[in-house]
Structure formats: C-alpha cells, structure tokens
Amino acid sequence: MSTESTETPSIEFLLDVPIQLNAELGTCVMTCRDLLKLDIGSVVQLDKPAHASVNLYVNTKLVARGEVVVADGNFGIKIKEVVSRPGTLGKP
C-alpha cells in the first residue's frame with residue numbers, strides 16, 4: 001500500500017507569511033560630493049517623469065505597476081497593471 005498522495009499539496013499555510021513589498025519611484029546617479037550636500041529641503045531628481053508608473057516589487061520580482069496616490073494623509077499606490085500573479089509565475 002502506497003502512502004504517496006496524488007493530490008496537489010495545499011499552499012494555504014503560506015497565505016499569512018509576511019513578504020517584503022517595495023515601490024520604485026525612480027533612480028538617479030550622483031557623486032559622493034553631491035550626496036553629502038543633501039539637506040532638508042533638497043530635491044533629488046529621478047529618472048522618471050512626474051506622472052510615470054511606479055513599479056511594485058515583491059522581493060526583487062516585478063509584480064505590478066501603478067500610480068502614487070494620497071490616502072488618509074499617507075502615500076499609496078493605485079494598481080494599474082498586474083505583471084504577474086501568484087500561481088501563474090513561470091507559466092507562459
């Protein structure tokens with residue numbers, strides 16, 4: 001009698017595991033000299049225009065794009081495009 005199961009194992013136990021979510025507004029390159037000059041009120045110019053999409057990453061995997069919004073006095077991201085969904089990763 002075999003103890004192996006042919007059923008797909010449930011991944012429900014993973015649903016409450018915390019993950020790292022990062023939003024990338026843009027990037028820039030600056031010298032150490034310019035970095036040391038930064039102070040309160042300094043503006044760092046990024047490589048994206050003001051109304052460009054914000055990339056949303058889970059760990060280092062791009063999962064969505066959206067736009068910055070203000071919700072209850074805090075910044076948030078309104079999702080405009082889902083790049084990959086759990087359960088479809090790696091599938092064509």
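It should be noted that the structure appears before, not after, this text.
About the thresholds
- Residues numbered from 1 in each chain as written.
- Predicted model: local features only at pLDDT ≥ 70, side-chain atom pairs only at ≥ 80, totals over all residues.
- Heavy atoms only, no water.
- Pairing = 2+ DSSP bridges.
- Helix = DSSP H or I, 4+ residues; strand = E, 2+ residues; numbered from the N terminus.
- Axes fitted to C-alpha atoms, helices over the stretch in contact; angles between N-to-C directions.
- Buried < 20%, exposed > 50% of the residue type's maximum accessible area, 1.4 Å probe, protein only.

Enquirer: Break down the sheet that holds strand β4 (residues 74-82) for me, citing the residues and quoting the values.
Expert: Backbone hydrogen bonds hold the strands of a sheet together, and the pairing may be parallel or antiparallel. An order of β1-β2-β3-β4 is seen for the 4 strands of this open sheet, with the pairing classed as antiparallel. The outermost strands of the open sheet, each flanked by one partner alone, are β1 (21-24) and β4. Adjacent strand axes in the sheet meet at a mean angle of 40 degrees, parallel and antiparallel pairs treated alike. Note: strand β3 (residues 61-71) against β4, 8 bridges, orientation antiparallel. Pairing of V70 across the sheet is with F75, part of β4.

Enquirer: Tell me what's going on with the pairing of strand β2 (residues 54-58), and back it up with residues and numbers.
Expert: Here β2 lies mainly inside the structure; 4 of its 5 residues are buried. In terms of strand pairing, β1 meets β2 through 4 bridges, oriented antiparallel. Across the sheet, N22 pairs through a bridge with Y57, a residue of β2. Of the strand pairs in this sheet, β2 and β3 are connected by 5 bridges, and their pairing is antiparallel. From the neighbouring strand, L56 faces β3, where its bridge partner is A64. Connecting β2 to the antiparallel partner β3 that follows it, the hairpin turn spans 2 residues, and N59 within it adopts a positive phi of roughly 55 degrees.

So, to be careful, I would describe these as geometric facts and stop short of saying anything about function.
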